[in-house]
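Observations on the three-dimensional arrangement
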Amino acid sequence: MKSKVLTVQHLDVAVEDRILINDLSFNVYGGALTCVTGENGVGKTTLVKALLKHKRNSTKQVHFLVRPDQVQYVPQFRNVDDDYPLKIKDFVSLSLQNSFLPWLTKSEKDRIENVLKITKLTEIENEPLGRASGGQKQRAYLAQALVTDPKLLILDETTASLDKQSRVYLLQVVVDIIKRTGAAVMFITHDPELINRFGDYDLEIANHHGEMHRVKGGQA
Ligand SMILES: Nc1ncnc2c1ncn2[C@@H]1O[C@H](COP(=O)(O)OP(=O)(O)OP(=O)(O)O)[C@@H](O)[C@H]1O
């Protein structure tokens with residue numbers, strides 16, 4: 001039996017005065033990949049942002065069963081141009097800069113090393129992030145989120161700009177992380193092939209409503 005990390009009950013999602021999603025209920029489970037799908041503009045990103053507003057103050061409608069610092073969001077867009085000079089390993093360590101010490105502890109360094117290994121970035125850890133390929137950049141964003149050891153990881157169209165090989169490679173890394181850590185991953189995507197191959201659940205949003213399906217052949 002998978003453990004719930006988030007429950008959503010009878011939630012309405014609106015922008016300004018316009019209702020995007022009406023009376024939405026679903027659960028997100030640890031150890032599983034929950035895909036969030038729907039046409040452009042149905043409100044997938046707005047839904048995720050509405051959920052994240054409650055990570056510190058759960059309500060009956062949006063109830064997180066994990067601590068706020070155990071929830072990580074990797075947004076759809078980042079402004080990282082070709083001249084961005086920070087080394088990949090330093091970029092990944094930015095998530096740990098909230099600690100009290102101005103330097104990284106041995107255990108933090110070990111965590112960074114481990115995450116770089118899992119995301120297959122070790123070989124290029126000293127390269128500037130700006131010079132990395134699209135797929136390597138996405139893996140660096142993922143690594144930055146993973147270094148805090150999240151129990152719920154939300155990925156917003158992380159594979160959208162990648163070629164097929166890089167998309168599959170990234171999802172294999174994500175599924176591997178789910179298996180190793182038991183984390184829950186919510187993955188906004190338009191890619192039916194990735195959903196069918198890697199997804200456990202599909203939260204499909206259409207006509208202002210959302211429905212959760214089990215994906216046949218899912219891993220959970
Ligand atoms: N802050 C805002 N103010 C007003 N309208 C907004 C705001 N944010 C989003 N919208 C509108 O809400 C709708 C849903 O946007 P959203 O980005 O959530 O869709 P999406 O399903 O994630 O789309 P896509 O698949 O194209 O990324 C769109 O019509 C968008 O223009």
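Residues numbered from 1 in each chain as written. Predicted model: local features only at pLDDT ≥ 70, side-chain atom pairs only at ≥ 80, totals over all residues.

- Going by an unreviewed UniProt entry, the chain carries the name ATP-binding cassette domain-containing protein and comes from Nicoliella spurrieriana.
- Here the chain is described in UniProt, under the heading Sequence similarities (unreviewed entry), as follows: "Belongs to the ABC transporter superfamily." (UniProt positions renumbered as here; feature names shortened; annotations may be inferred.)

1. Overview of the nonpolar core
- Ranked by internal contacts, the top residues of the largest apolar core, which has 54 residues, are Leu-33, Val-92, Ala-140, Ala-143, Leu-152, Val-185 and Phe-187.
- In this view, Val-185 contacts Leu-33, Thr-34, Leu-153, Leu-155, Val-174 and Ile-178; residues no more than four positions away in its chain are not counted. (Core = buried A, V, L, I, M, F, W, Y, C linked by C-beta atoms within 7 Å. Buried ≥ 20, exposed ≤ 12 C-beta atoms within 10 Å, placed from the backbone. Contact = placed C-beta atoms within 7 Å.)

2. A short note on the site of the ligand
- Taken together, Val-15, Glu-16, Leu-20, Gly-38, Asn-40, Gly-41, Val-42, Gly-43, Lys-44, Thr-45 and Thr-46 make up all the residues around the ligand.
- For the shell around the ligand, the leading source of residues is helix α1 (residues 44-52), giving three residues.
- When its residues are assigned to classes, the shell around the ligand shows three nonpolar, six polar and two charged. (Near = placed C-beta within 6 Å. Helix = DSSP H or I, 4+ residues; strand = E, 2+ residues; numbered from the N terminus. Nonpolar A, V, L, I, M, F, W, Y, C, P; charged D, E, K, R; others polar.)

3. A word on the environment of Arg-180
- Turning to its location among the elements, Arg-180 is positioned in helix α5 (residues 164-181).
- Assessed through the 9 C-beta atoms surrounding it within 10 Å, Arg-180 is described here as exposed.
- Separated by 142 residues in the primary sequence, Arg-180 and Gly-38 have C-alpha atoms spaced 29 Å apart.

4. Regarding the pairing of strand β2 (residues 18-29)
- When strand β1 (residues 4-15) meets β2, the two strands line up antiparallel, connected through eight bridges. Across the sheet, Leu-11 pairs through a bridge with Leu-24, a residue of β2. (Pairing = 2+ DSSP bridges.)

5. Looking at α5
- When the terminal C-alpha atoms of α5 are compared, their 26 Å separation across 18 residues agrees well with the 26 Å that a helix rising 1.5 Å per residue should span.
- Listing the buried residues of α5 in full gives Arg-167, Leu-170, Leu-171, Val-174, Ile-177 and Ile-178. Projected down its long axis, α5 carries its buried residues within an arc of 115°, all on one side. Away from the buried face of α5 by more than 90 degrees, exposed residues Gln-165, Lys-179 and Arg-180 are located.
- On its buried face, α5 is in contact with β3 (33-37), α3 (106-118), α4 (134-146), β7 (184-188) and α6 (192-198).
- Gly-182 occupies a position one or two residues after α5 and carries a positive phi of about 75°. (Expected span 1.5 Å × (residues − 1). Arc of directions from axis to C-beta.)

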